[in-house]
Amino acid sequence: MIKTQTDIKDMARGAVFLGAGGGGDPYVGELFLQNQLAQGRTPNIVPARELDDDDFVISIAGIGAPTVLVEYLVSETHLVKLLEQAETFYGRKVNALISAEIGGANSMFPLALGAITGLPVIDGDGMGRAFPHLEMTTFSVYGARATPTIFSDELGNVITMDLLSDRLAEEAIRPVVSALGAMAFSGIYPMKGRHVKDYAVHNTISQTLEIGRAIRNGREESDDVFARLINCLNCPEENRSARILFDGKIVDVTHETRDGWHWGSAVLKPIDNSSDELIIDIQNEYIVARLNGETVTIVPDLICILDRETGEPMTAEMLRYGLRVKVIGYSAAPIMRRQECLEVWGPKCFGIDEVFKPVETLG
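Counting secondary structure elements, the protein chain contains 11 helices and 17 strands. Over its C-alpha trace the protein chain gives a radius of gyration of 19 Å, about what one expects of a compact globule, namely 21 Å for 363 residues. With the principal axes as the frame, the protein chain shows a C-alpha extent of 60 × 45 × 40 Å. Looking at the 363 residues of the protein chain, the share that counts as buried comes to 59%. Across the protein chain, every contact between residues at least 6 apart in sequence was considered, and the portion connecting residues at least 24 apart equals 72%.

What follows is the structure in structure tokens.
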């Protein structure tokens, strides 16, 4: 599936899109994975159905602020050692790796580690996007706890935790990671193969490649990049659709790294300076978009900001005054919209006093 440097670039582009502003810029992870290909190592990506029910699967993920991750060089030695420490900690051999989130940098690290070690990497993840909180995964909603977990930084500090709830784990881990410089790596979500098969968001690595290729092919063939991308995203048989929410420029943007998260907002106006205004709130990811005060997309549906000329997706920390962009609203994977899931990552979980409404019913 990922055999060339172009494949990696396509996947990284698609991962930024599905990250909905968060997950970190995958550039460093992209370079890390490209280096593995240069050494003749390729990741073995497999569908979850190939797992045995009793296989042992974990996620390898970065925890911290995306604004720090973009300046963070990943150590091959660190990740391999973390895997060894995780196997000792959990007391059994890891049979496969999976991303906790497919968005941004965290989509790259399991692939690179899989290429180094030969472990298969599951074509799926726990979100189908990126989210800022540890407990915001389908794994957690359906009973696979994030802890016991082990995490470490590149200096050799190692911490283990075993807490009664994933929400409590989020609250406990975040200040520890902040004390470590707002960036660490974890071996998290120890699961059996049957849980991954039943509750992962499936085929998301494949989807990143499809999205990245659609954008690249549209550019190379002088096609309408956004029409090609929307066509790639629309999938009626899976009840998923996408539409352009806004076409304009960023006239104001704020960024703040606080409590281990990236907070901010972006204000957009049309190119022709008409009175319309789109405001997007950020908590690592783009959480809600409001056009003239009316909500047009809200979590867990995806808000994606792309360069209006090239179609290149942008993480939240890339936003700056004057950028000309298009904003796409995209429906989340169906499992993410279930009521039990909305209780964990619906609007009220982000302090927004609104009920979730699908993007296809808004605007």
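Another aspect to go through is the domain arrangement of the protein chain. Under the domain assignment, the protein chain is made up of domain 1 (5-202) and domain 2 (240-351). Between the C-alpha centres of domain 1 and domain 2 the distance comes to 24 Å. Domain 1 puts 35 residues into the contact, and the matching count from domain 2 is 35 residues. Carbon and sulfur atoms supply 68% of the area buried between domain 1 and domain 2, which totals about 2,800 Å² over both sides. Summed over the shared surface of domain 1 and domain 2, the result is one salt bridge. Our count for the contact surface shared by domain 1 and domain 2 stands at eight residue pairs in polar contact (both at pLDDT 80 or more). Elements supplying a minimum of two residues to the side of domain 1 that touches domain 2: α1 (5-18), α3 (66-69), α6 (138-141) and α7 (166-179). Here the side of domain 1 that touches domain 2 takes four residues from α1, the largest share from any one element. Across the side of domain 1 that touches domain 2, the residue classes tally to 16 nonpolar, 13 polar and six charged.

Once that is clear, we can look at helix α4 (residues 76-90). Relative to the 21 Å expected for 15 residues at 1.5 Å per residue, α4 spans 21 Å between its end C-alpha atoms, a close match to the ideal helical length. What α4 keeps buried is the set His78, Leu79, Leu82, Leu83, Ala86, Glu87 and Tyr90. Tucked inside the fold, the buried residues of α4 contact α2 (27-38), β2 (56-64), β3 (96-98), α5 (109-117), β6 (149-152) and β8 (183-192). Where α4 begins, one side-chain oxygen reaches toward the backbone nitrogen of Thr77, 3.3 Å away; that side chain belongs to Ser75. Gly91 lies just past α4 and shows a positive phi near 75°.

So, on to the pairing of strand β17 (residues 324-330). By the criterion of burial, β17 is predominantly enclosed, with six of the seven residues buried. As defined by bridge partners, strand β10 (residues 242-258) adjoins β17 across seven bridges and the pair is classed as antiparallel. Bridged to Phe246 within β17 is Val327. Strand direction decides the pairing type here: strand β15 (residues 302-307) and β17, joined by six bridges, are antiparallel. In the sheet register, Asp307 faces β17, and the bridge partner there is Val325.

A few words now on the pattern of salt bridges. Going through the model one piece at a time under the given rule, you end up with 26 salt bridges. Residue Asp54 is joined to Arg194 by a salt bridge in which the shortest nitrogen-to-oxygen separation is 3.1 Å. With Asp54 in the loop between β1 (45-46) and β2 and Arg194 in helix α8 (residues 193-199), this pair connects stretches of sequence that are 140 residues apart. A relative accessible area of 49% means that Asp54 is categorised as partly exposed. Asp162 is the partner of Arg145 in a salt bridge, and the nearest nitrogen-oxygen pair spans 2.8 Å. Of this pair, Arg145 sits in the loop between α6 and β6 while Asp162 sits in the loop between β7 (158-161) and α7, and the two are 17 residues apart along the sequence. By relative accessible area, Arg145 is classed as partly exposed at 34%. Residue class for Asp162 comes out exposed when judged on its relative accessible area of 53%. Sharing partners across several salt bridges, the network here consists of Asp7, Asp10, Arg13, Arg213, Arg216, Arg219, Glu220 and Glu312.

What counts as what
- Numbers given to residues run from 1 along each chain, matching the order in which its sequence is written.
- Per-residue local features of the predicted model are confined to residues with pLDDT of at least 70, and side-chain atom pairs are confined, for both listing and counting, to 80 or more; whole-chain, interface and lining totals are unaffected and use all residues.
- With hydrogens and water stripped out, all remaining heavy atoms of the structure feed into the side-chain values.
- Comment: elements are numbered from the N terminus, with helices defined as DSSP H or I runs of at least four residues and strands as E runs of at least two.
- Computation of the radius of gyration draws on C-alpha atoms, with the globule rule given as 2.2 Å multiplied by the number of residues to the power 0.38.
- When accessible area is computed with a 1.4 Å probe and restricted to protein chains, residues below 20% of their type maximum are described as buried, those above 50% as exposed, and intermediate ones as partly exposed.
- In this analysis, two residues are considered to be in contact whenever any of their non-hydrogen atoms come within 4.5 Å of each other.
- All domain edges in this entry derive from an automatic or database-based domain assignment.
- Take the accessible area each of two parts loses on contact, using a 1.4 Å probe, and add the two losses: that sum is the buried area.
- A side-chain nitrogen of Lys or Arg and a carboxyl oxygen of Asp or Glu constitute a salt bridge if their distance falls within 4 Å.
- By the criterion applied in these results, polar contacts are pairs of N or O atoms within 3.5 Å in which, for protein atoms, one can donate a hydrogen and the other can accept it, and in which residues neighboring in sequence qualify only through two side-chain atoms.
- Ten residue types, Ala, Val, Leu, Ile, Met, Phe, Trp, Tyr, Cys and Pro, are classed as nonpolar, four, Asp, Glu, Lys and Arg, as charged, and the remainder, Gly among them, as polar.
- By this rule, a helix spans an expected 1.5 Å times one less than how many residues it contains.
- The pairing criterion is simple: DSSP has to find at least two bridges between the two strands.

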